[in-house]
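Single-letter residue listing:
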Amino acid sequence: MSRFSTHFKKQAEVLKAQFQQLRATLSDSSAKGTGNEQVVAAFLRQNLNQGLIATRCQVVDSDDQISGEIDVSICNEYQPFRTEAGGLLIAEGIDFVVQVKAVLSTGELERALQNCESIKRLNRKFGKGDEVYEPVGVRVNDFARIPFVILAFSSELTGVTVLNKITKACEMRDLSLQPDAIFVLDRGYTFRNFRDGTGNPWKTTKGPVKGWLGLETGEATLLELIRFSATSVPKFIRHRTSLWSYVDLKFTYPIIEN
């Protein structure tokens with residue numbers, strides 16, 4: 001194991017302590033009304049090199065499709081306005097989103113899946129010469145889709161139950177409209193969706209893993225969220241502003257004539 005791999009694993013304890021401190025601080029009476037999504041957003045701001053992490057926003061694409069309200073949106077440099085809460089974001093300016101659940105239940109899982117479809121139907125457009133970092137295990141067809149993960153503080157459901165329910169629910173959904181991962185903190189579970197197995201590094205005796213894979217990640221569950229961000233989220237280099245597809249090319253103001 002490399003020196004950094006050893007260091008990376010040790011970070012699991014650091015991240016857990018940091019997250020617990022944020023929960024304690026942001027749940028204080030002085031921060032009354034602060035939701036769990038604020039805790040997750042604060043944690044990600046401390047651990048991801050992102051310009052903007054917004055909460056409770058909707059996302060729109062240049063075809064005028066709009067998502068439901070998204071708890072936490074991890075934005076990139078192509079997000080044109082610094083809308084930190086309750087605003088409207090553009091699809092090309094999003095790296096991935098997190099749906100936060102206080103308690104994961106059958107009903108909450110179904111609601112998360114519905115919200116996932118609303119964000120996955122959005123289309124991130126590409127311009128001439130744009131480049132993309134291709135993560136391992138992500139289908140090329142899904143580069144235009146915004147990655148969607150569920151982060152649950154706790155769960156009413158066992159790991160086997162979550163795996164069975166998410167697998168069954170996804171059998172009736174297009175591969176491109178499914179969530180990418182689920183993280184359950186109290187039980188220490190990570191579930192990853194490898195869809196049709198394209199480029200998947202995980203293998204069993206039967207070959208590459210397809211569909212959902214459940215892992216008992218224990219104290220390292222938050223670390224796996226950071227790993228997901230680093231290794232499973234497409235990164236783009238765009239050569240023109242993403243606003244090009246959204247704004248009218250003609251001015252709609254009255255013209256001043258001399």
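Quick look at the overall build of the chain now. Of regular secondary structure, the chain possesses 5 helices and 12 strands. Based on the C-alpha atoms only, the size of the chain along its principal axes is roughly 75 × 50 × 40 Å. Residues classed as buried in the chain amount to 48% of the 258 residues present. Taking contacts inside the chain between residues at least 6 apart in sequence as the whole, the part at least 24 apart equals 70%.

What follows deals with the sheet that holds strand 7 (residues 181–184). For sheets, the rule is that strands pair by backbone hydrogen bonds, running either parallel or antiparallel. With mixed pairing, 8 strands are arranged side by side in an open sheet as 3-1-2-4-6-7-8-11. Lying at the two open borders of the sheet, with one neighbouring strand each, are strand 3 (88–90) and strand 11 (212–216). In this sheet, adjacent strand axes meet at a mean angle of 35° when their direction is disregarded. With 5 bridges connecting them, strand 1 (residues 52–60) and strand 2 (residues 70–75) associate as antiparallel partners.

To continue, consider the nonpolar core. Val59, Ile119, Ile146 and Ile182 are the most contacted members of the largest nonpolar core, which has 31 residues in total. Those elements that place two or more of their residues in this core are strand 1, strand 2, strand 4 (94–104), helix 3 (106–120), strand 6 (148–155), helix 4 (159–171), strand 7 and strand 8 (189–193). By residue number, the principal contributor to this core is helix 3, which donates 5 residues.

Taking 1.5 Å as the rise per residue, helix 3 with 15 residues should run 21 Å; its terminal C-alpha atoms sit 21 Å apart, in good agreement. Those residues of helix 3 not exposed but buried are Leu109, Ala112, Leu113, Asn115, Cys116, Glu117, Ser118, Ile119 and Lys120. Those residues of helix 3 hidden inside the fold are in contact with strand 1, strand 2, strand 4, strand 6, helix 4 and strand 7.

With 7 of 8 residues buried, strand 6 lies mostly within the body of the structure. Alignment of strand 6 against strand 7, held across 4 bridges, turns out to be parallel. Within strand 7, the residue paired with valine 149 across the bridge is alanine 181. As a crossover connection, the stretch from strand 6 through helix 4 into strand 7 is right-handed.

A few words on the environment of glycine 207. By secondary structure assignment, the location of glycine 207 is in strand 10 (residues 207–208). When its relative accessible area of 16% is taken as the criterion, glycine 207 is described as buried. Residues glycine 207 and aspartate 248, spaced 41 residues apart in sequence, show a C-alpha to C-alpha distance of 50 Å.

Reading the values: the criteria
- Residues numbered from 1 in each chain as written.
- Predicted model: local features only at pLDDT ≥ 70, side-chain atom pairs only at ≥ 80, totals over all residues.
- Heavy atoms only, no water.
- Helix = DSSP H or I, 4+ residues; strand = E, 2+ residues; numbered from the N terminus.
- Buried < 20%, exposed > 50% of the residue type's maximum accessible area, 1.4 Å probe, protein only.
- Contact = heavy atoms within 4.5 Å.
- Pairing = 2+ DSSP bridges.
- Axes fitted to C-alpha atoms, helices over the stretch in contact; angles between N-to-C directions.
- Core = buried A, V, L, I, M, F, W, Y, C linked by side-chain atoms within 4.5 Å.
- Expected span 1.5 Å × (residues − 1).
- Right-handed = clockwise from strand over helix to strand, strands pointing away.

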